[in-house]
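Overview (structure and organization)
Each chain, written out:
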Amino acid sequence: MAHDAEKEAAARASLRFVRDGAIAGLGSGSTATDVIRLLGERVRAGLKIRGIPTSRQVGELAATLGIPLTTFNEVQEIDITIDGADEFDPQLSLIKGGGGALLREKVVASASRQLVIVADSSKQVHTLGNFPVPVEVIAFAEPLVKRRIEMLGATVILRQSNGRPFVTDEGHHILDCRFGQIPDAAALARKLRDMPGVVEHGLFINMATVVLVARGHEVTELHRDKTTRADPKP
Ligand code: 5RP
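Analysis parameters
- Residues numbered from 1 in each chain as written.
- Predicted model: local features only at pLDDT ≥ 70, side-chain atom pairs only at ≥ 80, totals over all residues.
- Heavy atoms only, no water.
- Salt bridge = Lys/Arg side-chain N within 4 Å of Asp/Glu carboxyl O.
- Helix = DSSP H or I, 4+ residues; strand = E, 2+ residues; numbered from the N terminus.
- Buried < 20%, exposed > 50% of the residue type's maximum accessible area, 1.4 Å probe, protein only.
- 1 Å grid on protein atoms, 1.4 Å probe; cavity = no way out; pocket = protein on both sides within 12 Å on 5 of 7 lines; lining within 4 Å.
- Points joined across faces, edges and corners; volume = space filled by probe spheres on them.
- Nonpolar A, V, L, I, M, F, W, Y, C, P; charged D, E, K, R; others polar.
- pLDDT = per-residue confidence, 0-100.
- Contact = heavy atoms within 4.5 Å.

**Comments concerning the pattern of salt bridges**
When the charged atoms of two side chains with opposite charge come close together, those side chains can pair. In this structure the tally under the stated criterion is 13 salt bridges. Of the charged contacts in the structure, one is a salt bridge between Lys106 and Glu200, with a shortest N-O distance of 3.0 Å. Of this pair, Lys106 sits in helix H4 (residues 102-110) while Glu200 sits in strand S12 (residues 198-201), placing them 94 residues apart in sequence. Taking relative accessible area as the criterion, Lys106 reaches 10% and is therefore assigned buried. On the accessibility criterion, Glu200 (18% relative accessible area) is buried. Through salt bridges with shared partners, a single network forms among Lys7, Asp120 and Lys123.

Below is the structure:
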């Protein structure tokens, strides 16, 4: 089964987590976009939710689909966020930020009672690190931070878009840091967080409550402490 079909299956399975009246964090990336399109259908059928988007682009999409939006001026807590990931491991630690929205994604995740990750089977790994860890930096500190991360053993590339440095929604740059296997993701997360000039990094440790991973037609629901089979057709 193609990864696109697995993404769609995981997205469908996530809908049963969304209750009427919920404040919902809206993730970024292609799998999260499937979720948002499905939520749009539910909203048009009468579901009442208010969304907090994790990127400008997602906000625009949600508005187009008729999903009412809100902000942290109005709400302190998000009931549920559904988002994608670039990799997840057995502890449900994540690498995120392939789409460049990691800063808002982490802010939204940190305010969420539940973070449900939707993923195709290619995202499941034993040890994080095959996918580069995105690190969002202020442009001024970028060469310094790059060298410091290289000294930790990574190959570091400044993310480009149309021949220029990629610029995030908050006006920063992204360093894509390939570490290979990351045996202790929590320790690496602390090292990155403590570097002046780093705004945020794409390691999400102890944040996901559930991962819905699709393999073929089957969607498995992974919790940090137990694993059950999810019904892909809610
Ligand atoms: C964006 C992300 C995405 O969730 C991640 O890149 C997965 O994307 P996709 O669902 O397209 O595979 O973290 O910043």
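**Brief notes about empty space enclosed by the protein**
All told, the structure shown has one cavity of 30 Å³ or more when counted by the stated rule. Computed from the structure, the largest cavity encloses a volume of approximately 50 Å³. If you trace the largest cavity, you find it lined by Thr54, Ser55, Gly100, Ala101, Leu102, Leu103, Arg104, Glu136, Thr168, Asp169 and Glu170. Counting residues per element, the lining of the largest cavity draws most heavily on H4, which supplies three residues. Taken together, the residues that form the lining of the largest cavity break down as three nonpolar, four polar and four charged.

**A look at the confidence of the model for the chain**
Fine structural detail should not be taken from predicted coordinates in areas where pLDDT scores are low. Averaged over the chain, the pLDDT score is 95; the fraction of residues at 70 or greater is 95%. Low confidence marks residues 227-234, where pLDDT is under 50. Its contacts with residues over four positions away, or in another chain, come to 23 contacts.

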